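Residues per chain, in single letters:
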Amino acid sequence: MRIARFSIDGNVAFGAVEGDKPDELVLDIIKGIPFTEHELSGTKVPLSKVRLLPPVLPSKVVAFGRNYAEHARELGHEVPDAPFAFIKPSTSVVGPGDGIQYPPFSEELHHEAELAVVIGRMCREVPRERVKDVIFGYTCANDITARDVQKREKQWARAKGFDSACPLGPWVETDLDPGDLTIQLTVNGQQRQLGRTSEMIHSIEDLIVNITEAMTLLPGDVILTGTPAGVGPLAVGDEVSVSIEGIGTLTNKVVKRG
């Protein structure tokens with residue numbers, strides 16, 4: 001099931017996305033929230049009539065760096081022996097169609113296409129055999145990075161945590177095998193990144209076991225699983241799209257912060 005979060009006439013709701021053709025998609029409004037028992041209302045609205053929002057509002061986004069060997073090498077980094085985590089705050093999250101605000105303290109903004117895992121229940125110290133039980137679904141993400149700031153400051157909080165640095169969407173796909181999916185990114189229609197999730201160094205199970213040893217994850221929290229090679233610069237006015245097989249496409253435009 002594809003579950004979107006959207007606004008219409010000033011109201012915010014979740015809905016199940018139905019249909020196959022992009023111009024014929026509709027949303028069956030969900031009664032309640034999808035992380036608890038819920039049902040479809042039968043009230044349907046065309047997707048074209050709503051504004052898609054970030055599919056979840058995470059309390060935190062836990063991102064893992066250098067999880068694709070070729071990406072680590074392209075930036076001159078060693079491939080880590082263990083998962084390498086950092087945090088993006090909830091205020092960095094934006095949805096499909098929202099602007100990526102070019103931060104005034106950077107002159108080198110980069111894109112990073114990623115598969116995002118959405119957590120479905122509160123969990124801590126998750127054993128490997130229970131990882132699938134805590135996953136709600138998957139969505140597309142763009143780990144926007146102020147690369148010059150990342151290099152200069154070493155700590156990544158400002159470089160990867162500024163407002164609008166974490167586009168998510170367009171919806172959450174709950175029925176998906178993430179083991180070997182095509183992940184690609186285009187800028188103004190030109191392909192920049194192309195890889196497969198099977199190229200991850202550390203599996204999704206590895207990542208969730210690793211981070212839940214340290215902290216509790218809450219429903220709606222997001223895990224970013226790393227980016228394939230091909231990261232590169234963005235400029236104001238660029239349109240950047242992340243597409244993941246079985247999920248869909250997340251598109252945002254880079255804008256000047258104003």
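Refer to the structure printed above.
Parameters and conventions
- Once a new chain begins, its residue numbering starts again from 1 and follows that chain's sequence as written.
- Only residues with pLDDT of at least 70 get local features here, since the model is predicted, and only at 80 or more are side-chain atom pairs given and counted; chain-wide, interface and lining totals rely on the full set of residues.
- Computation of side-chain values covers all heavy atoms of the structure but excludes hydrogens and water.
- Working definition: helices are DSSP H or I runs of at least four residues, strands are E runs of at least two. Numbering for both runs from the N terminus.
- For this analysis, residues touch if any pair of their heavy atoms sits within 4.5 Å.
- Criterion used throughout: strands pair if DSSP finds at least two bridges between them.
- Axis definition: a line fitted to C-alpha atoms, over the contacting stretch in the case of helices. Angles run 0 to 180 degrees between N-to-C directions.
- Centre distance within 6.5 Å is the pairing criterion for rings of Phe, Tyr and Trp, where only the six-membered ring of Trp is used; planes under 30 degrees apart are then read as stacked, over 60 as edge-to-face, and the remainder as tilted.
- Each residue is assigned to one of three classes by its accessible area relative to the maximum for its type, calculated with a 1.4 Å probe on protein chains only: buried under 20%, partly exposed between the two thresholds, exposed over 50%.
- When the NZ atom of lysine or the CZ atom of arginine is within 6 Å of a ring's centre and also within 35 degrees of its normal, the charge is said to sit over that ring.

Draft legend 1. Molecular detail of the environment of tryptophan 156. By the element assignment, tryptophan 156 lies in the loop between helix H3 (147–153) and helix H4 (157–161). As for tryptophan 156 and alanine 146, which are separated by 10 residues in sequence, their C-alpha atoms are 9.1 Å apart. With residues near it in sequence (within four places) discarded, tryptophan 156 still touches Arg66, Phe84, Phe86, Gln150 and Gly161.

Draft legend 2. Just the sheet that holds strand E20 (residues 248–256), in detail. Read across the sheet, 5 strands follow the order E9-E20-E19-E15-E16 without closing on themselves; strand pairing throughout is mixed. With one partner strand each, in any of the chains shown, strand E9 (99–102) and strand E16 (190–196) form the two edges of the open sheet. Each strand axis lies, on average, 20° off the axis of its neighbour in the sheet, ignoring direction. Bridging between E9 and E20 involves 4 bridges; their strand directions are parallel. For glycine 99, the partnering residue across the bridge sits in E20 and is lysine 253.

Draft legend 3. Molecular detail of the packing of aromatic side chains. The full count for this structure, using the stated rule, is 4 aromatic pairs. With a centroid separation of 6.2 Å and 85° between ring planes, the pair formed by phenylalanine 105 and phenylalanine 162 is classed as edge-to-face. Of this pair, phenylalanine 105 sits in the loop between E9 and strand E10 (109–111) while phenylalanine 162 sits in the loop between H4 and strand E14 (166–173), placing them 57 residues apart in sequence. Residue classification places phenylalanine 162 among the buried residues on the basis of a relative accessible area of 6%. One aromatic cluster is present, built from ring pairs that chain together Phe84, Phe86 and Trp156. Arginine 2 extends its terminal NZ or CZ atom over the ring of tryptophan 171, reaching a point 5.5 Å from the ring centre. The aromatic ring of phenylalanine 105 is capped on one face by arginine 158, whose charged end is 4.5 Å from the ring centroid.

Draft legend 4. A look at the pairing of strand E19 (residues 239–244). Among the 6 residues that make up E19, 5 are buried, leaving the element largely enclosed by the rest of the structure. As judged from the 5 bridges shared by strand E15 (residues 182–187) and E19, these two strands associate in the antiparallel manner. The partner of threonine 186 across the bridge, within E19, is serine 241. The sheet contact formed by E19 and E20 spans 6 bridges and is antiparallel. By the bridge assignment for E20, glutamate 239 is matched with lysine 253. The turn joining E19 and E20, which pair antiparallel and follow one another in sequence, is formed by 3 residues; a positive phi near 85° is taken by glycine 246.

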